[in-house]
Amino acid sequence: NIIRVARLCRLVRLMRVFRLVAGFAELRRLVQMMAGCFKTLFWSSLLLCLVMTIWSVIAVELINPYIQAMVKQGAWPDCDRCRRSFASVFMSNLTLFQT
């Protein structure tokens with residue numbers, strides 16, 4: 001009688017392990033799907049950086065002269081960042097990223 005109860009307890013423990021392994025299969029599948037998405041995320045981030053850099057070059061060429069003229073006229077006297085916002089491609093990229 002006691003041996004049957006011990007076997008039954010072992011069987012219940014074994015069933016718990018099988019449930020746990022089934023949960024890991026779902027977790028493994030989820031991790032595989034996320035790994036597949038990282039390639040797409042990488043290329044979309046690279047494309048976004050490229051597009052922002054192109055717009056930054058355009059902004060430096062077209063917007064920066066107007067900003068410098070406005071600074072000479074006295075606009076933004078207490079804002080140092082305002083006059084540098086489109087002074088270089090890096091600063092322009094940073095400005096576009098922040099907006």
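All figures in this text were calculated on a predicted structure; none of them were measured in a lab.

Novice: Even after reading the chapter, I still don't get a positive patch on the surface, so can you show me in this structure?
Specialist: Judged by side-chain charge, Arg 4, Arg 7, Arg 10, Arg 13, Arg 16 and Arg 19 come together as a positively charged surface patch. Tracing the backbone through its elements, the reader meets Arg 13 in helix H1 (residues 2–62). Given a relative accessible area of 53%, Arg 13 falls into the exposed group.

Novice: I'm lost on the side chain of Thr 95 in this one. Help?
Specialist: Counting through the fold element by element, Thr 95 comes out in helix H4 (residues 89–98). The buried category is assigned to Thr 95, whose relative accessible area is 13%. Among the polar contacts made by the side chain of Thr 95, one reaches the side chain of Arg 81 at a distance of 3.1 Å.

Novice: Can you help me understand the state of the cysteines in this one?
Specialist: Disulfides are covalent bonds that link the sulfur atoms of two cysteine residues. A complete count under the given rule lists one disulfide for this structure. Sulfur-sulfur distance for the disulfide between Cys 79 and Cys 82 comes to 2.1 Å. On the sign convention where negative means left-handed, the S-S torsion of about 80 degrees between Cys 79 and Cys 82 marks this disulfide as right-handed. Among the residues examined, Cys 79 registers a relative accessible area of 22% and is labelled partly exposed. For Cys 82, a relative accessible area of 22% corresponds to the partly exposed category. Here Cys 37 is not disulfide-linked; the sulfur of Cys 49 is the nearest cysteine sulfur, at 19 Å. Look at Cys 37 and you get partly exposed, because its relative accessible area is 44%.

Novice: Would you mind going over the pattern of salt bridges with me for this structure?
Specialist: As a working rule, side chains carrying opposite charge can pair if their charged atoms are close by. Considering all chains together, one arrives at two salt bridges under this definition. Its salt-bridge partner being Arg 83, residue Asp 80 comes within 3.8 Å of it at the nearest N-O pair. Of this pair, Asp 80 and Arg 83 both sit in helix H3 (residues 80–84), separated by three residues, roughly a single helical turn. The class for Arg 83 is partly exposed, based on a relative accessible area of 34%. Of the charged contacts, one joins Arg 84 and Asp 80 as a salt bridge, the two residues approaching to 3.4 Å between their closest N and O atoms. With Arg 84 and Asp 80 both in helix H3 and four residues apart, the pair spans about one turn of that helix.

Parameters at a glance
- Residues numbered from 1 in each chain as written.
- Predicted model: local features only at pLDDT ≥ 70, side-chain atom pairs only at ≥ 80, totals over all residues.
- Heavy atoms only, no water.
- Patch = residues over 30% accessible without salt bridge, like charges linked within 9 Å, V, L, I, M, F, W, Y side chains within 5 Å.
- Areas by Shrake-Rupley, 256 points an atom, 1.4 Å probe, with all protein chains shown as cover.
- Salt bridge = Lys/Arg side-chain N within 4 Å of Asp/Glu carboxyl O.
- Lys, Arg positive; Asp, Glu negative; His and termini not counted.
- Charge placed at Lys NZ, Arg CZ, Asp CG, Glu CD.
- Helix = DSSP H or I, 4+ residues; strand = E, 2+ residues; numbered from the N terminus.
- Buried < 20%, exposed > 50% of the residue type's maximum accessible area, 1.4 Å probe, protein only.
- Polar contact = N/O pair within 3.5 Å; in protein donor to acceptor, adjacent residues only side chain to side chain.
- Disulfide = S-S within 2.5 Å.

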